[in-house]
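# Commentary on secondary and tertiary structure
Each chain is listed here by its residues.
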Amino acid sequence: MRLEKIIARSRIVELGSPDITSALEELLEVSINRFPNLKQDVLLKGLLQRESTMTTYLGNGVALPHVRVKLGGERRYILAVGRSVAGIRHDGTKADEAINLIFMLLADDRARDYLQVLAALARIIDDADFVKTLLTAPKLDDVYERLYSAFGGMTARPVQVQQNSMNRTMIAEAERVAKGTACGMIMVFGDTFNSGVELGHWSSKVKSLLVTRNLVDSSQAQGKFAEVIQVRSFSSQRLAQLRSAIVVGLTRGIISFDDRICCLAGLTGNNQFDTIVVVDVGREFQTLLTQNTDLLPDDVKPEVFERVIAVASELAIEGREGKPVGSLFVLGDNAHVEKLTKPLVLNPFYGYKEEDRNILNPFMDETIKEFSSIDGAFVIRGDGVVISAGSLIQAADSHALPGGLGARHSAAAAISVATNCISIAISSSTGQVTLFRRGVMLTLMEKGKMAKV
């Protein structure tokens, strides 16, 4: 779903209400005036009911209230945006905080990509600098233009790759090296540039992939990049995203274990390509093969796996309340995993709707991070639904692990052998993020090499 298709200038307003209920009424008035089948009181009740279950406040003065209803017709989403310079009272904020921007999303109950759209919206408006540009925009027309651009609209003015002689030479050499070493593709690391690579200025006869931490609509890459892989990196080192990007590519079917890839990168934000590396995927991940090429369990959706990696990486870097935390995520083969686990504490996810406890839901991030301090594992179904937290793994395994890895990593290895799941462990002492599949470990984020950028 392309987000710019659901934004409209007529549904961006200045709010005069001092509280969240009145503000939602204002937004509903401009949203449903053309839809006589939609009842404002019913929608308001649904929005407030969800708000009482789980706050939709994202931080930075931004709230994302949302509800699923029967919109009717072909329309799947209605998005309204309200700006309040004075600020709006909200129970989900701290005493000294107020809401300045409200993004209200009405989603049709038939929309299958609802959580993905919600997550994409949350990622964009969770940027404090971007929120500031919306609040300081002199006119609502400017707010609309900036949102339309951020959502992938053609009014965007992406930064072009500096066409200096070194960049031109590196691009030409990458293509020559790729052909000379029989690489099937070139992987371009877009975070080398401050605002990403301008898609219109990349041209290669070799199949190319773009790796970036930024949200890029795949349709914009057509004709330039075959695929876009979004992987967040916390390090400014060259090729810091390489291993995670290949893992994501393998799970999506973009990359195979037989591939050889030419990688073109530079220091993050340095605006200069300076590194060309050839990677043989099979050799890089040979320990994971063990006569199997299915890195991801059949019941696990790639987007769920990617989200778990992202949450684990954020936890490894940020910790909780300034302190490092260790955690364990067990993903997939839920029927067998549950037989080998038992609760250490009352399950904090029990009784909630599956949609509300799905890890793809952006409002689950803080919940997951808050419960990460509980001993035990998060058990997550392949479609993203969090089954439990604080679960004790009771699988036995005699795998020998490297020195320094304790009970959490032993449990992660054991459950990955006993069931057809994939597990991800975070070390509380080093912040190292390690993936386990069939007892074999793969380090995704190495200790001592992390620096938030």
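Each remark here, short or long, concerns the structure printed above.
Quick summary incoming for the structure in this document. (Residues numbered from 1 in each chain as written. Predicted model: local features only at pLDDT ≥ 70, side-chain atom pairs only at ≥ 80, totals over all residues. Heavy atoms only, no water.)

### Thoughts on the sheet that holds strand S15 (residues 386-393)
Strand order in the open sheet formed by 7 strands is S13-S15-S14-S12-S16-S17-S18, with mixed pairing between adjacent strands. This sheet does not close on itself; its edge strands, each paired only once, are strand S13 (341-343) and strand S18 (440-445). Shown here is a sheet whose adjacent strand axes are inclined to one another by a mean of 35 degrees, direction ignored. Sheet topology places strand S12 (residues 327-331) next to strand S16 (residues 422-426); 5 bridges connect them, and they run antiparallel. When the bridges of S16 are listed, Phe329 appears paired with Ile424. Its contacts with the sheet place helix H10 (residues 302-318) against S12, strand S14 (377-380), S16, strand S17 (433-437) and S18, and it is angled at close to 10 degrees to S16. (Pairing = 2+ DSSP bridges. Helix = DSSP H or I, 4+ residues; strand = E, 2+ residues; numbered from the N terminus. Axes fitted to C-alpha atoms, helices over the stretch in contact; angles between N-to-C directions. Contact = heavy atoms within 4.5 Å.)

### Some points on the packing of helix H7 (residues 242-252) against H10
Between H7 and H10, whose axes approach to 9 Å, the crossing angle comes to 160 degrees. By the angle between their directions, the pair H7 and H10 is classed as roughly antiparallel. As H7 packs across H10, the resulting crossing turns out to be right-handed. When H7 is examined against H10, the residues Val247, Val248, Thr251 and Arg252 are found in contact with a partner set consisting of Pro302, Phe305, Glu306 and Ile309. Split into classes, the residues belonging to the contact of H7 with H10 amount to 5 nonpolar, 1 polar and 2 charged. (Parallel < 35°, antiparallel > 145°, perpendicular 65-115°, else oblique. Left-handed = near helix turned anticlockwise from the far one by under 90°. Nonpolar A, V, L, I, M, F, W, Y, C, P; charged D, E, K, R; others polar.)

### Here's the deal with the packing of aromatic side chains
Summed over the entire model, instances satisfying the criterion amount to 4 aromatic pairs. Look at Phe349 and Phe371: their rings are 5.7 Å apart centre to centre, the planes differ by 70 degrees, and that puts the pair in the edge-to-face class. Here the residue Phe349 occupies a position in the loop between S13 and helix H12 (365-371), and Phe371 occupies one in helix H12, the gap between them amounting to 22 residues. The exposure class assigned to Phe349 is buried, which follows from its relative accessible area of 3%. (Phe/Tyr/Trp six-rings, centres within 6.5 Å; stacked < 30°, edge-to-face > 60°. Buried < 20%, exposed > 50% of the residue type's maximum accessible area, 1.4 Å probe, protein only.)

### Notes on the sheet that holds strand S7 (residues 185-189)
Strand order in the open sheet made by the 5 strands is S9-S8-S7-S10-S11, with mixed pairing throughout. Of all strands in the sheet, those bounded by a partner on one side alone are strand S9 (227-230) and strand S11 (275-280). With direction set aside, neighbouring strand axes in the sheet form an average angle of 25 degrees. When strand S8 (residues 208-212) meets S9, the two strands line up parallel, connected through 4 bridges. Paired with Leu209 across the strands is Glu227, a residue of S9. Sitting on the sheet, H7 is in contact with S7, S8, S9, strand S10 (260-265) and S11, with an inclination near 125 degrees to S9.

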